[in-house]
Amino acid sequence: MSRQKSVLEREGWLEKRGHKRKNWKKRWHVLDPVAKTLEYFEEPGGKPKGTVQLVGAQVLGVPECQDQISADNCFAVITQDVSLYMRDADEKSRNEWIRYLKIVCKRGGGGQAASPSSVGPATDDQGAAGAGGSEPTGWRPGDARSHTSTFFAARGRAAFGGIAGGGGDEGARDDARLRVRVEKLVSPPAVSPFSTRAKFEQSIVPWDKRQLPKCPTCPRKFAMLGPKRTNCRLCGCMVCEAESCSIMVDLNQIAQLLKLPPTTAGEVDVRVCSRCKLQVEQSGAKVTATDVGSKTTQYYRVIRDTRDKVDRTLKTIVLLTGYPHPKQLNGGESMRLKELTAEVVRDIQMVKAATSKITALPESANGKRKRVAANISAGTTAWAVHQSLGLRSYSFGK
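First things first, this report covers the structure right here in the doc. In this text, all values refer to a predicted model and were calculated from it rather than measured experimentally. (Residues numbered from 1 in each chain as written. Predicted model: local features only at pLDDT ≥ 70, side-chain atom pairs only at ≥ 80, totals over all residues. Heavy atoms only, no water.)

Turning our attention to helix α8 (residues 331-360). Along its 30 residues, α8 runs 44 Å from first to last C-alpha, staying within 8% of the 44 Å computed at 1.5 Å per residue. Among the residues making up α8, those that are buried are Leu-337, Leu-340, Thr-341, Val-344, Asp-347, Ile-348, Val-351, Ala-354, Thr-355 and Ile-358. Capping the start of α8 is the job of one residue whose side-chain oxygen sits 3.2 Å from the backbone nitrogen of Gly-332: Asn-330. (Helix = DSSP H or I, 4+ residues; strand = E, 2+ residues; numbered from the N terminus. Expected span 1.5 Å × (residues − 1). Buried < 20%, exposed > 50% of the residue type's maximum accessible area, 1.4 Å probe, protein only. Polar contact = N/O pair within 3.5 Å; in protein donor to acceptor, adjacent residues only side chain to side chain.)

On inspection of all chains with the given rule, the structure shows 1 cavity of 30 Å³ or more. By volume, the largest cavity is sized at about 40 Å³. Every residue along the wall of the largest cavity is listed here: Gln-58, Leu-60, Gln-68, Ile-78, Tyr-85, Pro-216, Thr-217 and Arg-275. Here the residues of the lining of the largest cavity sort into 4 nonpolar, 3 polar and 1 charged. (1 Å grid on protein atoms, 1.4 Å probe; cavity = no way out; pocket = protein on both sides within 12 Å on 5 of 7 lines; lining within 4 Å. Points joined across faces, edges and corners; volume = space filled by probe spheres on them. Nonpolar A, V, L, I, M, F, W, Y, C, P; charged D, E, K, R; others polar.)

Let us look at unusual backbone geometry. Of note in the backbone geometry, Lys-22 takes a positive phi value of approximately 60° without being a glycine. Here Lys-22 falls in the partly exposed class, since its relative accessible area comes to 43%. The residue Lys-36 is not glycine, and still its phi comes out positive at about 55°. Mapped onto the elements of the fold, Lys-36 is located in the loop between β2 (24-32) and β3 (37-41).

As structure tokens, then:
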């Protein structure tokens, strides 16, 4: 009996960068989640040209690879012995390769084949039912079918969809993990059970303690008088002290970018790898954009509610003065009219101030915020002029 095929098994054409000449060649790649290997061939079914063991490997996405080799649509698998760079122009296919490789690398050892209920959406040969598409190949009415992947996808969107605008994808989960780790780093316990700061940091993120001969990120070799081994405090990966691999960053600066409270331990510098530095900057930009968007909504709600209040107050003035046939007001009614008029003037000024705040907000990434602010400003100006003229007519009968 043939073994059950795992939904993580994947194969297809990718361009692979050569190890010596650094040129790109088209190769047929096969991902085996049971053996934890990635093989590549000149042709499907031929003799493998190379095999990469994925146990303990690190998968780099497009931004990290672009920083290292300046190649578009590139991703990589980094191990102790080899760095395999691949690229795929199809964004959907490329993202699936990266996601499947990360899952296999994170699972480590073990010979069990993956089950459909333990991963996200199924591959094309297993059907797209988990992704909300067509029925699986060979499926017939009455057959049992797992909806666990659909549940995980929905739960991911619910849990991470509102974090930094991530939309519930892998990037949003990474942003959520980053924020949790930074929150723990900036808030050490008052009475620490750890003897050193390093041990406290390792309790948050386990450090890579492998005795590697060279830096996993760059080709530099570790030596007594050369680059020293160190670890990123945000992801725990091993890096060297070279500026291209890692830098020292003030923890308060990281917290400020992510809109988190500053550390209670004063000024603390932490070692951050280049990938986490990029992720902090990108996550901070998302948080800032989300924060600016929420401010736009907040100010517009003030404008809307205040305009509704002005409309109600003007109706009260109309009833009080008898407009369009003004009546003689007694002393109490005149005092009330004066109070209502002053209230309308204050509210109109509040609407103008909120409009100015929206106009002063920075432009959004999609370039739409300034246009929306201009429309709100034009509408508010016309409304303020109209209501000011109406107030004069209602109050003084002109």
